[in-house]
Protein chains: 2
Amino acid sequence: MSDAQALFATHQATLQQALEAIQTRDYWTPYSEMPSKRIYGENAEAEGKAAFESYLNARFELAGVPEVADVGEEASPYGIELNIRYPQPDPQALIARMQAALPAWRDAGVDARAGVCMEILQRLNQRSFEIAHAVMHTTGQAFMMAFQAGGPHAQDRGLEAVAYAYAEMKKVPENATWTKPQGKNPPLVMHKRFHIVPRGISLVIACSTFPTWNTYPGLFASLVTGNPVIVKPHPGAVLPVAISVKIAQQVLEEAGFDPALVSMAADSSQAPITKTLALDPAVKLIDFTGSTAFGDWLEENARQAQVFTEKAGVNSIVIDSVQDMKAVARNLAFTLSLYSGQMCTTTQAIYVPRTGIKTAEGSLSFDEVAQALATATSKFLADNDRACAVLGAVQSCATAERIEQCTALGEVVLASESRQHPEFANARVRTPLILKVDAQDKATYSEERFGPIAFIIATDSTEHSLNLAREVINEKGAITLGVYSTDAQVLEAAEALAIDVKVALSCNLDGGVFVNQSAAFSDFHATGGNPAANASLTDTAFVARRFVIVQSRRHA
Amino acid sequence: MSDAQALFATHQATLQQALEAIQTRDYWTPYSEMPSKRIYGENAEAEGKAAFESYLNARFELAGVPEVADVGEEASPYGIELNIRYPQPDPQALIARMQAALPAWRDAGVDARAGVCMEILQRLNQRSFEIAHAVMHTTGQAFMMAFQAGGPHAQDRGLEAVAYAYAEMKKVPENATWTKPQGKNPPLVMHKRFHIVPRGISLVIACSTFPTWNTYPGLFASLVTGNPVIVKPHPGAVLPVAISVKIAQQVLEEAGFDPALVSMAADSSQAPITKTLALDPAVKLIDFTGSTAFGDWLEENARQAQVFTEKAGVNSIVIDSVQDMKAVARNLAFTLSLYSGQMCTTTQAIYVPRTGIKTAEGSLSFDEVAQALATATSKFLADNDRACAVLGAVQSCATAERIEQCTALGEVVLASESRQHPEFANARVRTPLILKVDAQDKATYSEERFGPIAFIIATDSTEHSLNLAREVINEKGAITLGVYSTDAQVLEAAEALAIDVKVALSCNLDGGVFVNQSAAFSDFHATGGNPAANASLTDTAFVARRFVIVQSRRHA
């Protein structure tokens, strides 16, 4: 048994569970989201922190990649000094090496590749504390979120992609015998072989806010289907990618493959290399998370590649009627506050009839609904320690500036505040800005305002709210839609709307589940059917285009 | 039970067999390829011919499609008068009607749609004689081929697409309960619904040579996944599409759906409407078979749609060594002759070492190999009746003229002849042109020369042959590659080549299986991985992009 096949044997039971989970879509994960000593080990926390600190003020080394420059411009949103340098590889030399490494990886077969991918995921899991610190100090996520979303939840999404791809590849038999009767004559008998053939080099373009969660699906979907993967990190969030790539390289090398099968191509914001890589004829797969402008550019120009994009959108909530406005407001306060609204799933547009809404305790005017949201958010963020542990820090100066710029776009219901982080004196912490606008100010609320900026939109009626949501999502896209109603007909109308504009719907969330959170193996992240994304994490379409089937046949 | 669900019940067992067949990839079909009375009924042949004749010199009526013109310019390659007129619908009105019909078709659900599709296929099967005559007199295929490739084999490919799409849609549960433990607190419990949502209007652009075989996969893959389908026939081969669409409309209407869910948009070669349809924002799926120029145009311009193309290529054979040259030559003579080389799978480039090849009976020089092919083809076509029954007629004047134009491209090994068809005095019948060229004349043999035109290419060695095949297929694409060798190492080198350039390989075909024929449920037609096609008939990637998954969730 090869090393890779031994890895498959080790992880086969977990893979089998993953395969079952994507079918039943019940809660399941092999990677605990609790950063507990019991699960991760007595010293995991301290070791993770120490490992993170060992990268600071140093050069990050990766396996045998020819380099042309030394780059590094990460700035912690928490204000600590990072000063990490990374090798920038020569793109042509890197691609040539990866192409040379492709046949051995391809020919290792599905099980061997799955075994290696599962081992990488397990090692990533073991290193969750270290990765959490790296995610925290590049994205600005608070530690708990950096641990969960950057660690186990990202690993879940990676495993989900492995499971989907594995199932698809295994549907194709390696061999078949084809026997066609010929009446009284002997039958025609052909022996056939079917090969899973990767498309070529895969380029995964990571973003600055979720450098692991949004990267692992494309990385693992491409890798397990046989494609070497270049991860191009955002210059502002390199370390979590670098650690992940290094772990992948170690596992690949131990299993007897070229570690460069997973490589990182760091660059600088002054001299970006993404377009060069994206247009290289050898690059046949591209995964991208980021701006609509660049996503559209990739779709238009990288014609030699299958391009999977997640872009901007206007996530929306329609409030029609509620049982308990306080519970609803608490739920939405958390949604708006979490990671200061820097999730691709955070609500931006909240539609409320200007005539107000019904609740179990009587009617509330539009202004009362707006005030309830503002009050709940203020209360939720009243304790500064807790606030900072949820808000985290704002990743970029541009986002912090955007909050300022947007203040004049409507009537301020809740002003954004700067907060002093209890641990990091220079952390860039901001609370959400909530504005009231009228339905007719469509240009204002229908443009993505990335960051902690939300609009409460006064509409003529719930029907009007649903129609506006339909228009905006059709034009600008969305990953999440929420609806609050005690009326079954309104919920069905929202369901019909979600189907029409191809967006995931959450109904009446007023407890411990939030519209901006999705669970791997159960929730599909984006549908691929509206302008916010052309692919879904993860469905069959996300994996099936990463390989082709080549057959041969001969007489038996 | 709705009518559609009753249809599902009727056809469920056959669908189940199809689902098993695409996994085992053994020979299987529910549609007999033998045009026998025992299977199709005592009167099927006569009724089919009479039905075909009833269309001549008449107007073909389709269900409720608003029309803007009356078109019709088909000319039988057999020279008989057709004079059939078709309604040309107003594209905007057609699309509006289809969009209005979409929700009911979508909401009917997977089983209901599968039932309707299976019933359409069964009715198409029952009408195979009628369709055979329509295919014969538009494409020029000889009757037996028109029956098989235009009838049961096309139906097989339609059913294969239904089975693939059905399996993918059924992988997604309609409902799920998600229960996440919360330590000592009660678990979070969410009820989730998952909807299969079609992308929108599907446009299937048919070709003039295989108006059913190349149309049914896209048509049925789109229809069963919930997308209304417009078939845009080639102006030269409308009738087989019109009959197919009419049958689909009848089944849809009987099952309670708008018959316009499958519609035909005929046009004329003077005023084509394909580009207008392809760029319509409502058109989200496009299937195309035809020229590389137009396929590339669609891929470049129809950016709102998922585009599946089958384009030109240079199908190749490498001859290294053989057991029995006569058997090989007989096999290739049939391949080159069948439908006068007008198949997208017909061999064009035959690479042979200039130093000759080894056989079980001693060596043969390059010229002896070329002569063996010429002689076998001449002998095979010596009986004029048999020749015409295999050659059929040349679909277009352009193809007939191309044979003339290509005569000077090399040294003629076998000249193309015009033949007198025993039944149709004005049939355009041509035998294959076989030319000898040198490996260095790459521009000559590496351009697709559609029709009965083949090149025997003198190379330095088998290694040189394989390298040239690699270069040409990488640049121009291919759907088929054949290799003849008695050397296991050469066969493995050919297998490696096939994997690298992503083309289906046939080894040592010297009996009753031909490189240009593929069997549904077992052989993949095109890989989607080289320039000849960006999709495969049929793999998961061909169906999975035709729908998205929209979910909703709420507290249980």
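Reading the values: the criteria
Residues numbered from 1 in each chain as written. Chains lettered and ligands numbered in written order. Predicted model: local features only at pLDDT ≥ 70, side-chain atom pairs only at ≥ 80, totals over all residues. Heavy atoms only, no water. Helix = DSSP H or I, 4+ residues; strand = E, 2+ residues; numbered from the N terminus. Rg over C-alpha atoms; globule rule 2.2 N^0.38 Å. Contact = heavy atoms within 4.5 Å. Areas by Shrake-Rupley, 256 points an atom, 1.4 Å probe, with all protein chains shown as cover. Lys, Arg positive; Asp, Glu negative; His and termini not counted. Charge placed at Lys NZ, Arg CZ, Asp CG, Glu CD. Expected span 1.5 Å × (residues − 1). Buried < 20%, exposed > 50% of the residue type's maximum accessible area, 1.4 Å probe, protein only. Axes fitted to C-alpha atoms, helices over the stretch in contact; angles between N-to-C directions. Left-handed = near helix turned anticlockwise from the far one by under 90°. Nonpolar A, V, L, I, M, F, W, Y, C, P; charged D, E, K, R; others polar. Least-squares fit on C-alpha atoms with pLDDT ≥ 70 in both. UniProt positions renumbered as here; feature names shortened; annotations may be inferred. Buried area = accessible area lost by both parts, 1.4 Å probe. Salt bridge = Lys/Arg side-chain N within 4 Å of Asp/Glu carboxyl O. Polar contact = N/O pair within 3.5 Å; in protein donor to acceptor, adjacent residues only side chain to side chain. Pairing = 2+ DSSP bridges.

Enquirer: I keep staring at the overall build of chain A and nothing clicks. Help me out?
Expert: Looking only at helices and strands, one finds 20 helices and 22 strands in chain A. At 25 Å, chain A has a C-alpha radius of gyration in line with the 24 Å of a compact globule built from 556 residues. When its C-alpha atoms are laid out on the principal axes, chain A stretches across 80 × 70 × 45 Å. For chain A, long-range pairs separated by at least 24 residues make up 75% of all intrachain contacts whose partners lie at least 6 apart in sequence. As displayed, chain A offers around 18,900 Å² of accessible surface, 49% of which is attributable to carbon and sulfur atoms. Separation between the mean location of the 45 positive side-chain charges and that of the 60 negative ones in chain A comes to 8 Å.

Enquirer: Explain helix α8 (residues 152–170) of chain B here, please?
Expert: Note on helix geometry: an α-helix contains 3.6 residues per turn, so any two residues three or four positions apart are oriented the same way. Over its 19 residues, α8(B) extends 26 Å from the first C-alpha to the last, a length consistent with the 27 Å expected when each residue adds 1.5 Å. Counted residue by residue, α8(B) has 16 buried out of 19 residues, so it is predominantly covered.

Enquirer: How should I be thinking about the environment of K171(A) in this particular structure?
Expert: Along the chain, K171(A) turns up in the loop between α8 (152–170) and β3 (175–182). In this structure the C-alpha to C-alpha distance between K171(A) and A496(A), which are 325 residues apart in sequence, comes to 33 Å. The contacts of K171(A), once residues within four sequence positions are left out, are Q23(B), E168(B) and T540(B).

Enquirer: Any chance you could explain the packing of helix α6 (residues 128–139) of chain A against helix α7 (residues 143–150) of chain A here in plain terms?
Expert: Two packed helices can be described by the angle between their axes and the distance between those axes. All names here are of chain A. Running from amino to carboxyl end, α6 crosses α7 at an angle of 120°, the nearest separation of the two axes being 8 Å. At the point where α6 passes α7, the crossing takes the right-handed sense. Contacts between α6 and α7 involve S128, F129, I131, A132, H133, V135 and M136 on the former and, on the latter, F143, A146, F147 and G150. Split into classes, the residues belonging to the contact of α6 with α7 amount to 8 nonpolar, 3 polar and no charged.

Enquirer: Looking at this structure, how should I read the relation of the copies chain A and chain B?
Expert: Two copies of the chain are present, and they differ by a rotation about an axis and a shift along that axis. Laying chain A over chain B is done by rotating through 180° and shifting 0.0 Å along the axis; what remains is an RMSD of 0.0 Å. On the angle and the small slide along the axis, the relation comes out as a two-fold axis. Minimal C-alpha separation from the rotation axis in chain A is found for A541(A), amounting to 3.2 Å. The overlap is high: 100% of the interface residues of chain A also sit at the interface in chain B, so the same surface is used on both sides.

Enquirer: Got a minute to help me understand unusual backbone geometry in this structure?
Expert: What is expected of a backbone is that most residues other than glycine have negative phi and most peptide bonds are trans. All names here are of chain A. With an omega dihedral of -20°, the bond running from L537 to T538 counts as a cis peptide bond. Relative to the helices and strands, T538 resides in the loop between β21 (504–507) and α20 (540–544). We note that N83 has phi near 55°; this positive angle belongs to a residue other than glycine. For N83, the position within the fold is in the loop between β1 (67–71) and β2 (86–89).

Enquirer: Whenever I open this one, the environment of P87(A) confuses me. Can you help?
Expert: All names here are of chain A. Here P87 lies in strand β2. When its relative accessible area of 8% is taken as the criterion, P87 is described as buried. Distance from P87 to D267, taken between C-alpha atoms, is 8.7 Å for residues 180 residues apart in sequence. Discounting chain neighbours no more than four positions away, the residues touching P87 are R59, F60, E67, A69 and A266.

Enquirer: Is there a simple way to explain the UniProt feature "domain: Aldehyde dehydrogenase" (unreviewed entry) in chain A in this structure?
Expert: Feature annotation in UniProt assigns "domain: Aldehyde dehydrogenase" (unreviewed entry) to the following positions: residues 92–487 of chain A. Secondary structure content for residues 92–487 of chain A is 45% helix and 22% strand, while the C-alpha to C-alpha distance between its ends is 60 Å.

Enquirer: In this structure, what is going on with the interface of chain A and chain B? I would like to understand it.
Expert: Interfaces are often sized by the amount of accessible area the parts lose when they come together. Taken residue by residue, the interface counts 70 residues in chain A and 70 residues in chain B. Counting each side, the surface lost to burial between chain A and chain B is near 6,100 Å², with a carbon and sulfur contribution of 51%. A salt bridge links D523(A) to R553(B); the shortest N-O distance between them is 2.9 Å. On inspection of chain A and its partner chain B, the count reaches 47 residue pairs in polar contact (both at pLDDT 80 or more). Elements that contribute at least two residues to the side of chain A that touches chain B include exactly α1 (3–24), β3, β4 (185–198), α12 (292–301), α19 (488–501), β21, α20 and β22 (547–555) of chain A. In the side of chain A that touches chain B, the residues fall into 28 nonpolar, 19 polar and 23 charged.

Enquirer: What's the story with the side chain of S32(B) in this structure? I'm lost.
Expert: Residue and element names in this part refer to chain B. With respect to the element layout, S32 can be found in the loop between α1 (3–24) and α2 (37–40). At 3.1 Å, the side chain of S32 and the backbone nitrogen of M34 are in polar contact. Apart from the residues lying within four places of it in its own chain, the contact partners of S32 are I39, Y40, F147 and P152.

Enquirer: It is not clear to me how the sheet that holds strand β14 (residues 362–364) of chain A should be interpreted in this structure. Could you clarify?
Expert: Strand pairing in a sheet takes place through backbone hydrogen bonds and is either antiparallel or parallel in direction. All names here are of chain A. Read from one edge to the other, the open sheet built from 3 strands follows the order β11-β13-β14, with strand pairing classed as mixed. Strands at the two margins of the open sheet, each flanked by one partner only, are β11 (321–322) and β14. With 3 bridges joining them, strand β13 (residues 357–359) and β14 adopt antiparallel strand pairing. Within β14, the residue paired with I357 across the bridge is L364.

Enquirer: I tried to follow the pattern of salt bridges on my own but got confused; where do I start?
Expert: If the charged atoms of two oppositely charged side chains come close together, the side chains can form a pair. By the definition in use, this model includes 72 salt bridges over all chains. Note that E33(A) and K180(B) form a salt bridge whose closest N and O atoms lie 2.8 Å from each other. Of this pair, E33(A) sits in the loop between α1 and α2 (37–40) while K180(B) sits in strand β3 (residues 175–182), on two different chains. Note on E33(A): relative accessible area 18%, which makes it buried. For K180(B), a relative accessible area of 14% puts it in the buried group. Of the charged contacts, one joins D523(A) and K192(B) as a salt bridge, the two residues approaching to 2.7 Å between their closest N and O atoms. Placement of the pair is D523(A) in the loop between β21 and α20 and K192(B) in strand β4 (residues 185–198), with the two residues belonging to separate chains. Each member of the pair, D523(A) as well as K192(B), is classed as buried. Salt bridges linked by common partners bring R59(A), E61(A), E67(A), D70(A) and R85(A) together as one network.

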